[in-house]
Amino acid sequence: MSARHVLVLDEGTTSTRAALFDDRSRVVANSALPLTTTTYPDGRVEQDAVELWETSRSVLSDVVATARDEERDIATLAIAVQRTTTVLWDAQTGQPVAPVVNWQDTRAAARADELSAEWAGKAKTATGLVLGPAHLGLHLDALLARDPALRDLAEQGRLRAGTPETWIIWNLTGGTEGGVFATSTSCAGSTGLYDLRTGRWWSALLDHLDIPGTALPQVLPEDADYGTTRADLIGADIPITGVLGDQQAALYGHGAFQVGAVKCTHGTGSFIDFHVGPDPVDAGEGLDCRIAWTTAGSRAHMLEGGSFVTGSGVDWMVNELGVLPSADRIDSVYSAGKADSGLVSVPALAGFAAPYWDSTARGMVIGFNRGTTAADVVRATVDGTAHTVVDIIETMARNARTNPTVVVVDGGLSRSDALLQSQADLLQIPVVRAADAEYVTARGAAWCAGIACGVWADEEAAVATKSEGREFTPRMSPEERNIRRSAWQDAVSRALGWRSAQLPSTPARGPQD
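Just so we're clear, the structure is a prediction, and the values are computed from it rather than from any experiment.

1. A word on the nonpolar core
Counting residues in hydrophobic clusters, the biggest one holds 44 residues, and the most contacted among them are Ile 272, Phe 274, Leu 303 and Val 407. Listing elements by their share of this core, those giving two or more residues are β15 (262-266), β16 (270-277), α10 (311-321), α11 (330-336), α12 (374-400), β21 (407-410) and α13 (417-427). Those residues in contact with Ile 272, other than ones at most four positions away along the chain, are Val 262, Lys 263, Cys 264, Leu 303, Glu 304, Gly 305, Gly 306, Val 389, Ile 392, Ile 393 and Met 396. In this structure, Val 59, Val 81, Val 100 and Cys 187 belong to the second largest nonpolar core, which totals 38 residues.

2. Concerning the sheet that holds β16
In spatial order, the strands read β17-β18-β16-β15-β21-β22-β23; together these 7 strands make up an open sheet with mixed pairing. The strands lining the two open edges of the sheet, one partner per strand, are β17 (288-294) and β23 (470-472). Recorded for the sheet is a direction-independent mean angle of 25° between the axes of neighbouring strands. Sheet analysis places β21 next to strand β22 (residues 431-433), joined by 3 bridges and oriented parallel. Residue Val 407 lies in a different strand from β22, and its bridge partner there is Val 431.

3. Some points on helix α5 (residues 164-172)
Most of α5 sits inside the fold, with 9 of its 9 residues counted as buried. Along α5, the residues that are buried comprise Pro 164, Glu 165, Thr 166, Trp 167, Ile 168, Ile 169, Trp 170, Asn 171 and Leu 172. Note on α5: the residue one or two positions beyond its end, Gly 174, has a positive phi of about 130°.

4. Describing the packing of α12 against α13
Between α12 and α13, whose axes approach to 9 Å, the crossing angle comes to 45°. As far as their axial angle goes, α13 and α12 are oblique. Crossing handedness for the pair α12 and α13: right-handed. Residue-level contacts link Val 382, Asp 383, Thr 385, Ala 386, His 387, Val 389, Val 390 and Ile 393 of α12 to Ala 418, Leu 419, Ser 422, Gln 423, Leu 426 and Leu 427 of α13. Considering only residue class, the contact of α12 with α13 consists of 9 nonpolar, 4 polar and 1 charged.

5. Overview of the sheet that holds strand β14 (residues 240-245)
In space, the 5 strands of this open sheet follow the order β3-β2-β1-β6-β14, with mixed pairing throughout. Looking at which strands have only one partner, the edges of the open sheet turn out to be β3 (27-34) and β14. Each strand axis lies, on average, 15° off the axis of its neighbour in the sheet, ignoring direction. Sheet topology places strand β1 (residues 5-11) next to strand β6 (residues 74-81); 7 bridges connect them, and they run parallel. Directly across from Leu 9, in β6, lies its bridge partner Ile 79. Against the sheet, helix α1 (residues 49-69) makes contact with β1, β2 (15-21), β3 and β6, and its axis sits at roughly 155° relative to β3, the strand it touches most.

6. Here's the deal with the side chain of Ser 190
In this fold, Ser 190 is placed in the loop between α6 (185-188) and β11 (194-195). Within the structure, Ser 190 has its side chain in polar contact with the backbone oxygen of Ser 186 (distance 3.0 Å). Here Arg 290 takes part through its side chain, which lies 3.0 Å from a polar atom of the side chain of Ser 190. Excluding residues that lie within four positions of it along the chain, Ser 190 makes contacts with Arg 83, Thr 84, Leu 129, Gln 248 and Arg 290.

7. Some remarks on the pairing of β2
When you tally the buried positions in β2, you get 6 out of 7 residues, the bulk of the element. Alignment of β1 against β2, held across 6 bridges, turns out to be antiparallel. Each residue of the ladder has a partner; that of Glu 11, found in β2, is Thr 16. Where β1 folds back on β2, the antiparallel hairpin that results is connected by 3 residues. Across 7 bridges, β2 lies against β3 in antiparallel orientation. What sits directly across from Leu 20, in β3, is Ala 29.

What counts and how
Residues numbered from 1 in each chain as written. Predicted model: local features only at pLDDT ≥ 70, side-chain atom pairs only at ≥ 80, totals over all residues. Heavy atoms only, no water. Core = buried A, V, L, I, M, F, W, Y, C linked by side-chain atoms within 4.5 Å. Buried < 20%, exposed > 50% of the residue type's maximum accessible area, 1.4 Å probe, protein only. Helix = DSSP H or I, 4+ residues; strand = E, 2+ residues; numbered from the N terminus. Contact = heavy atoms within 4.5 Å. Pairing = 2+ DSSP bridges. Axes fitted to C-alpha atoms, helices over the stretch in contact; angles between N-to-C directions. Parallel < 35°, antiparallel > 145°, perpendicular 65-115°, else oblique. Left-handed = near helix turned anticlockwise from the far one by under 90°. Nonpolar A, V, L, I, M, F, W, Y, C, P; charged D, E, K, R; others polar. Polar contact = N/O pair within 3.5 Å; in protein donor to acceptor, adjacent residues only side chain to side chain.

Okay, here's the thing in structure tokens:
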């Protein structure tokens, strides 16, 4: 048999993927299936719990079969998962009892606003999170309020609720025949129901929302024993020894184990996570403080913030403005734009997230003149995307009282050299693109589980197997950087609080007028 391997289930929003890593952190087998997400006009965003389980089972079975054919042994299974998505099922029948409420769902927005005056401050202190509609507690509150049958199940102690990994682990380890009902600190800490300081479910909010604690899973460290998969389900009995939220897994997979390490995932928007050390930070300015991981080797917290527009800004330039022929031309068109065009683009197409949190902000391009070209608009918008990330990282540094020394990046738009060079110039520190960006999240989960069972001796040994990515170092002078940042901040101040002009209605004019 060959060297031991780690199997990873990467449960995302749009797909379920399984990957097999060898002890040199190389992917030697993989399988993926799409997931269906249904969006409704009233803000509901739902998935199907049966589909989550069946696709997970299918991709894991595929990779286990491949490993068997190639005589590769599997030491352990790790899971990385989309966070704050809520799954409900009946512990007695093993059947889902409601649609999966996706993290993008906004059905609880009005309830979050209603609770805000009394509970927003308490929530920030207890959970580290800004009170919002994506929280598991508010999902449960909405579902229980509207469905008496769910309330009956809860009162009988039969209701089970959690993020997707709880449902998948429960099924993998036997379901109604003794399945393990557990989650990790990184997943629990993202629900809005977990008290960072006591290490328990937050009883005050549970009581206020009338949610029974029996519905919630046991919370374990990321590298704990989560039971063993059943061979009749996926083809092998495999211990589960690593479970992380997806953004935490990405931070881990970059090897960002030092205080001040920052990772940025460029997708539709951008997720930024800043390692702040073993103790939580009282973060302001719209930032969340989350548990990054709790393992035998370390405990870490992170500040998290995000921007709404990254890849979606590229789509806007391609499909709506027509200034960019296609997404894969972004770097060449950027290079054709003038560095001294004087154009500033604020891509607040869906308002601003951290640090401004202004839903009324709107996108703006300012500085047009007769010489402005389409390429100038593309260049300014890419730079504007970089500015939004810099705003968040600088805010994190203030809250953490620690300056970052490098930013590691992954995600689809991390392929853009222009974007990463702009980030490096505006941050005045190196930006490093992962060599295998699409597998960073899965690799983080693999390392966590693999260290727990001896595939790697420790975090240092795991990181030593990582391929080096490309580093972008600052080329812009500090003086020019300050000028550009000042112009950006001026433009942002004009975009904040925007209200469309409300023109008075004009009566129809007849021929006699």
